[in-house]
Structure formats: structure tokens, C-alpha cells
Amino acid sequence: MKILVINCGSSSLKYQLIDMENESVLAKGLCERIGIEGSKLTHKPTGKENYAIETPMGDHKVAVQLVLDALMDKEHGVIESTEEITAIGHRVLHAGTVYSDATLINEDVKKVIRDCFDLGPLHNPANLIGIEACEAAMPGKPNVAVFDTAFGMKIPEKAAMYAIPYEYYEKYSIRRYGFHGTSHMFVSGETLKKIGKDAAKVIVCHLGNGASISASIGGKCVDTSMGLTPLEGLIMGTRSGDLDPAVLQFICNHENIDVNEMLNILNKKSGVLGMSGVSSDFRDVREAADAGNERAIMALDAYRYRVAKYIGSYTAAMNGVDAITFTAGVGENDTQMREEICEYLGYLGVKIDSEKNAQARGKEEEISTPDSKVKVYVIPTNEELAIARETKALV
Ligand code: AMP
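Residues numbered from 1 in each chain as written. Predicted model: local features only at pLDDT ≥ 70, side-chain atom pairs only at ≥ 80, totals over all residues. Heavy atoms only, no water.

### Some thoughts on the overall build of the protein
Now for step 1: A tally of helices and strands in the protein yields 16 helices and 14 strands.
Now for step 2: For 395 residues, the compact-globule estimate of 2.2 N^0.38 gives 21 Å, and the C-alpha radius of gyration of the protein, at 21 Å, lies within 12% of that figure.
Now for step 3: Counted over contacts in the protein with a minimum sequence separation of 6, partners at least 24 positions apart contribute 61%.
Now for step 4: For the protein, the accessible area works out to roughly 18,000 Å², and carbon and sulfur atoms hold 50% of it.
Now for step 5: When the 42 basic and 55 acidic side-chain charges of the protein are each reduced to a single mean position, those positions are 3 Å apart. (Helix = DSSP H or I, 4+ residues; strand = E, 2+ residues; numbered from the N terminus. Rg over C-alpha atoms; globule rule 2.2 N^0.38 Å. Contact = heavy atoms within 4.5 Å. Areas by Shrake-Rupley, 256 points an atom, 1.4 Å probe, with all protein chains shown as cover. Lys, Arg positive; Asp, Glu negative; His and termini not counted. Charge placed at Lys NZ, Arg CZ, Asp CG, Glu CD.)

### Focus: the packing of aromatic side chains
Now for step 1: Evaluated as defined, the whole model comprises six aromatic pairs.
Now for step 2: Centre to centre, the rings of Tyr-99 and Phe-147 are 5.6 Å apart; their planes meet at 5°, and the pair counts as stacked. Of this pair, Tyr-99 sits in the loop between strand 6 (85-92) and strand 7 (103-104) while Phe-147 sits in strand 8 (residues 143-147); the two residues are 48 residues apart in sequence, bridging distant segments of the chain.
Now for step 3: Note on Tyr-99: relative accessible area 18%, which makes it buried. (Phe/Tyr/Trp six-rings, centres within 6.5 Å; stacked < 30°, edge-to-face > 60°. Buried < 20%, exposed > 50% of the residue type's maximum accessible area, 1.4 Å probe, protein only.)

### Concerning the sheet that holds strand 12 (residues 323-327)
Now for step 1: Spatially, 11-10-9-12-14-13 is the arrangement adopted by the six strands of the open sheet, whose pairing is mixed. Edge strands, defined here as strands with exactly one partner in the open sheet, are strand 11 (220-224) and strand 13 (365-366).
Now for step 2: Pairing of strand 9 (residues 201-207) with strand 10 (residues 211-217), which is carried by seven bridges, proceeds in the antiparallel orientation. The partner of Val-204 across the bridge, within strand 10, is Ser-214. (Pairing = 2+ DSSP bridges.)

### Side note on unusual backbone geometry
Now for step 1: In this structure, His-180 takes a positive phi of about 60° despite not being glycine.
Now for step 2: On the secondary structure map, His-180 appears in the loop between helix 6 (167-172) and helix 7 (181-195).
Now for step 3: With a phi close to 55°, Asn-256 is a non-glycine residue in the positive phi region.
Now for step 4: Note that Asn-256 resides in the loop between helix 8 (246-255) and helix 9 (259-268).
Now for step 5: Here Asn-256 falls in the exposed class, since its relative accessible area comes to 72%.

### A word on the site of the ligand
Now for step 1: All residues adjacent to the ligand are Gly-208, Asn-209, Ser-280, Asp-281, Phe-282, Arg-283, Ala-328, Gly-329, Val-330, Asn-333, Asp-334 and Arg-361.
Now for step 2: Here an oxygen atom of the ligand sits 2.6 Å away from a polar atom, N or O, in the main chain of Phe-282.
Now for step 3: Between the ligand and the protein, one listed contact pairs a nitrogen atom with a side-chain N or O atom of Arg-283 at 3.5 Å.
Now for step 4: Against a free-state accessible area of 500 Å², the protein chains account for coverage of 70% of the ligand.
Now for step 5: Counting only elements with at least two residues in the shell around the ligand, the list comes to helix 11 (282-290) and helix 13 (328-333).
Now for step 6: Considering every element that reaches the shell around the ligand, the biggest residue donor is helix 13, with four residues.
Now for step 7: Grouping the constituent residues of the shell around the ligand by class yields three nonpolar, five polar and four charged. (Near = heavy atom within 4 Å. Polar contact = N/O pair within 3.5 Å; in protein donor to acceptor, adjacent residues only side chain to side chain. Nonpolar A, V, L, I, M, F, W, Y, C, P; charged D, E, K, R; others polar.)

### Points about the pairing of strand 14 (residues 375-378)
Now for step 1: Relative to strand 14, strand 12 runs parallel, the two being bridged by four bridges. If you follow Phe-326 over to strand 14, its bridge partner there is Val-378.
Now for step 2: Looking at chain direction, strand 13 and strand 14 are connected through two bridges and run antiparallel. Bridge pairing in strand 14 links Glu-365 to Val-378.

### Thoughts on the UniProt feature "binding site: Mg(2+)" (unreviewed entry) in the protein
Now for step 1: UniProt records the feature "binding site: Mg(2+)" (unreviewed entry) for Asn-7 and Glu-383 in the present numbering. These residues run over 377 residues, yet every pair of their C-alpha atoms falls within 9.9 Å of each other.
Now for step 2: With respect to the helices and strands, the residue Asn-7 is situated in strand 1 (residues 2-8).
Now for step 3: Given a relative accessible area of 15%, Asn-7 falls into the buried group.
Now for step 4: Not counting residues up to four positions away in its chain, the partners in contact with Asn-7 are Ser-12, Leu-13, Lys-14 and Arg-91. (UniProt positions renumbered as here; feature names shortened; annotations may be inferred.)

### Some details on the packing of helix 2 (residues 107-115) against helix 3 (residues 124-137)
The relative placement of two packed helices comes down to the angle between their axes together with the axis-to-axis distance.
Now for step 1: The interhelical angle for the contact between helix 2 and helix 3, taken along N-to-C directions, is 155°, at an axis separation of 9 Å. Taken together, the axes of helix 2 and helix 3 lie roughly antiparallel to each other. As helix 2 packs across helix 3, the resulting crossing turns out to be left-handed. Residues Lys-110, Ile-113 and Arg-114 of helix 2 form the contact with helix 3, whose own contacting residues are Asn-124, Leu-128, Ile-131, Glu-132 and Glu-135.
Now for step 2: By residue class, the composition of the contact of helix 2 with helix 3 is three nonpolar, one polar and four charged. (Axes fitted to C-alpha atoms, helices over the stretch in contact; angles between N-to-C directions. Parallel < 35°, antiparallel > 145°, perpendicular 65-115°, else oblique. Left-handed = near helix turned anticlockwise from the far one by under 90°.)

### Some thoughts on a nonpolar patch on the surface
Now for step 1: On the surface, a nonpolar cluster with roughly 230 Å² of combined accessible area is contributed by Leu-104, Leu-394 and Val-395.
Now for step 2: Position of Val-395 among the secondary structure elements: in the segment after helix 16 (383-394).
Now for step 3: Judged by relative accessible area, which is 39%, Val-395 ranks as partly exposed. (Patch = residues over 30% accessible without salt bridge, like charges linked within 9 Å, V, L, I, M, F, W, Y side chains within 5 Å. Salt bridge = Lys/Arg side-chain N within 4 Å of Asp/Glu carboxyl O.)

### Topic: the pattern of salt bridges
Now for step 1: Scanning all chains against the criterion turns up 25 salt bridges.
Now for step 2: Here Asp-281 ties to Arg-283 by a salt bridge, and the two come within 2.9 Å at their closest N and O atoms.
Now for step 3: Judged by its relative accessible area of 26%, Asp-281 is partly exposed.
Now for step 4: The exposed category is assigned to Arg-283, whose relative accessible area is 65%.
Now for step 5: Across the salt bridge formed by Glu-340 and Arg-304, the nearest N and O atoms sit 2.6 Å from each other. Of this pair, Glu-340 sits in helix 14 (residues 335-343) while Arg-304 sits in helix 12 (residues 294-318), placing them 36 residues apart in sequence.
Now for step 6: Several salt bridges converge on common partners, so that one network encompasses Glu-107, Lys-110, Arg-114, Glu-132 and Glu-135.

This is the structure:
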């Protein structure tokens, strides 16, 4: 069984074709600058030469057709016809309160995705365009929506509800949803397999450009750091994370800007970028900090402090923790950041093997010492495989 995984952004489309017999990637690639000048497709077939073409892509429909052409190309292709594709799995950002599991797409599901445009204004419209483009290019093939909010949707009410008038939940479904759900589900699931204990208490730190943290017991999410939108929680590359809402009012009044502009600042110009003034890329910020840049030092200090604070609060929420797992760009590669975060966790009996930690870059590894009271792992996230598994299960 071959599953095509599609992840549409507003001007991009990432794809992977996965052979589910052995979960191997047959080909993957990316369409960039869809709908704007300079559109480009980069196609990477396993075991064959990569290729890239620059050709106009007016919309996602054109992009989907180009992806299918690349997959079936005589020289660079990996399949002969779309008949070989059993189903298509789509990453979809937001399903509001309606779906907490992956779902076979029909008109009702598309309506829910459309109804949630204002909860995910950048992603949901693009996700729907991608779905409709696949329906048009491969009529009759099953399409499955795997929602980024699904894992976090299962948190208990006490963790989900904001302490604001209840009518806003009733009227607009304002609650905490959590994001990066596919990653948290995959990585917590892989962590459980390693521990071999069904009801294990696991904290997953997804530290990438976007960053979030989840607590789960036996694979069921009990709390997660992102909220109604991905803005809540940890300090991120460009997002502020947790903040006193009165800060918005103060800055809006003093800078004479409206709340939309303020949210743009909190989403795109804050986080380690805003604090350091250097970059949103942790490698640049680290380099600046090593060279003595005080704001870069402060940004990294605040970043790891926030992660450690969340780990402490989730340990309290679960009354213990069996394993802490790091994933995503920073979590998988930044050995120093992992070590510095774990330095806060001595009170939990966390002990890191520095040598193992230094070697664990972008690969699966247990980095805690044998006598550590809590297991600490690095597990690369694989959202595409998680989406493909969910799609296979449904079709
Ligand atoms: P992601 O969003 O998961 O792709 O993660 C992207 C982030 O990972 C980038 O902003 C980088 O700062 C960070 N990153 C990637 N590789 C490294 C590395 N070797 N050391 C530190 N940070 C890294």
C-alpha cells in the first residue's frame, strides 16, 4: 500500500510518498512560491537523482499535478500511474471542537475545515485547497484529514478551559487546543515503545522554530502548551509564547497600533528573534551568545528557563514523569540546549550522559545515564509517517 502525504501551506506544498509495507519513503519533495513569481518544485526520489524545476504554479491544483507528474516521471519517478496510490493523507491544522481523530474526508469534513478558517487563518484555507486539488487530480481516491489539533483535543476540561466568561466557549469554541499534535502523538508513541510500560508518563519537548511541549499518560495527552492558536506556551523562534494580555493593550495604546498588528508582532517578530535582535535561527543566536552578545545570552537563558518551567509544571500535573523526549530542529540537534535544560531537572533525579548527548544529533538515542530516575531520549519527529499510519488505519 502506497500513501501520499500532503502538507499544504499558503504558498507551499510538501509531499511524501510512503510504501506502507515497510514504511519507507519512495519520494519526497516541496513546491515553493505557489501563486507567486519564481515557483519551484524540488523532487527527491529515493535511490534516484534529485531534480528541481522552476515553472509557474498559479495555484495548488497546478502544484498537485506537477507533483503527480514528478512521481510518474520516466527518469525521476517512482510509480507508473496514480493507480498505485491507495490514499492521500492531508495535514490539516484546525478542526475546532468537532474532530479529535483522523477522519475520512467528505463534504461534511470539508465544511468543518472551512468553518475553522478563522481559527487557523493561515493554514486551514491552504489545507482545503490541497484537499480539493487532490480530489480533482485523483477522483474517487480516499483522502484523509489528520488534524494538528487532534492530540491536544483530548486534554481534560480543567486543562483546556481558559478562565474567561464561559459564554465565549459556548459562542466561539474558545478553549485550548494545542498544536504540533501529529508530532507529539508520534514521538510520545515511540517513547512508550522504548519504555515498554503502558501507562508511562511522558513529556515531549518539540523544540523547533515553533515550539511546544506535551504531557501524556499512556499515549493520551493530558496537557499541552499551545492554546487556541500556536502563540501560547514556550518562547519560540519568532513567537512570544505566554504573555500577560495587558501587554497588548499597553503597547497598542503607546505605539498607536491595532490588535491585528500587535498579534503580527507577537507571532513574527518576538521570541528569540525579538529578544536577541539577532535571528530566529538558534544557530545564529548561539553564535552571537558565544561571542558575548548579551541579548542573545538573555534570549537563550529565558528560552531554556521556560522549557524547564513547563517540564516542572507537567511533572506536577501528572504526579511524576517516566520519560522526557526531545524532538524537532533544536531538540534533535542542539546538544548544548538539551544539556542546559536538563541541568534544571536535578531535583527529579534526571542525569544526562554527556557523551551520549553529544553524539545524539538527528537520531534516536537514550541520553540519560542508567541510574537516572527519569529516562531522557532524543527521537526525531516524523509527522509524515504518523499521517501515513493514520491514513492507512482508516482506509
Ligand atoms: P524545525 O522547525 O523543527 O525545522 O526546526 C528549525 C530550527 O532548528 C531552526 O530555527 C534552527 O534554529 C534549529 N536547528 C537546526 N539545526 C540545529 C543545530 N544543529 N543546532 C541548533 N539549532 C538547530
